[in-house]
Amino acid sequence: QVQLVESGGGLVQAGGSLRLSCAASGRTFSSCVMGWFRQAPGKEREFVSVISRSGSITYYADSVKGRFTVSRDNTKNTVYLQMNSLKPEDTAVYYCAANYGGIPVTMREGRYDTWGQGTQVTVSS
């Protein structure tokens with residue numbers, strides 16, 4: 001089992017940037033596909049981004065493509081989400097999640113085995 005702890009959330013003005021981090025422990029991090037999801041108030045949790053075990057494959061939701069960048073450092077057991085040009089509609093609790101089932105990547109929430117506690121991102125207009 002892997003444990004995940006997100007950090008880096010906060011309050012930022014529209015057009016600003018934040019970098020989220022997700023630190024993992026308890027299992028070989030490099031064997032995990034890592035995903036980012038978010039949940040806005042009153043809405044269901046949605047996919048944001050995913051990165052493969054090596055970092056060579058990434059996917060993004062259309063709503064964040066070109067503004068967000070996912071990366072990972074397997075030597076530090078950490079995955080990052082760099083968020084630029086933030087918009088008020090990006091306001092949400094952001095979660096990282098780990099899949100250690102051996103698939104290349106997945107955008108399906110139900111395929112993830114472990115979730116972090118979430119970090120709040122608020123973008124003011």
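In what follows, the structure referred to is the one given above.
Residues numbered from 1 in each chain as written. Predicted model: local features only at pLDDT ≥ 70, side-chain atom pairs only at ≥ 80, totals over all residues. Heavy atoms only, no water.

Draft legend 1. A look at unusual backbone geometry. We note that Asn77 has phi near 55°; this positive angle belongs to a residue other than glycine. By the secondary structure assignment, Asn77 is in the loop between β7 (68–73) and β8 (78–83). Residue classification places Asn77 among the partly exposed positions, given a relative accessible area of 27%. Even without glycine at this site, Ser85 takes up a positive phi of about 50°. Its place among the elements puts Ser85 in the loop between β8 and β9 (92–99). (Helix = DSSP H or I, 4+ residues; strand = E, 2+ residues; numbered from the N terminus. Buried < 20%, exposed > 50% of the residue type's maximum accessible area, 1.4 Å probe, protein only.)

Draft legend 2. Structural detail: the pattern of salt bridges. Tallying each qualifying case throughout the model produces five salt bridges. Arg38 is the salt-bridge partner of Glu46, the closest N and O atoms lying 2.6 Å from each other. Assessed through its relative accessible area of 36%, Glu46 is described here as partly exposed. With a closest N to O distance of 2.8 Å, Asp90 and Arg67 form a salt bridge. Here Asp90, found in the loop between β8 and β9, pairs with Arg67, found in the loop between β6 (58–60) and β7; they are 23 residues apart in sequence, far enough to count as distant. Among the residues examined, Asp90 registers a relative accessible area of 1% and is labelled buried. Each member of the salt-bridge network shares a partner with another, and the members are Arg38, Glu46, Arg67 and Asp90. (Salt bridge = Lys/Arg side-chain N within 4 Å of Asp/Glu carboxyl O.)

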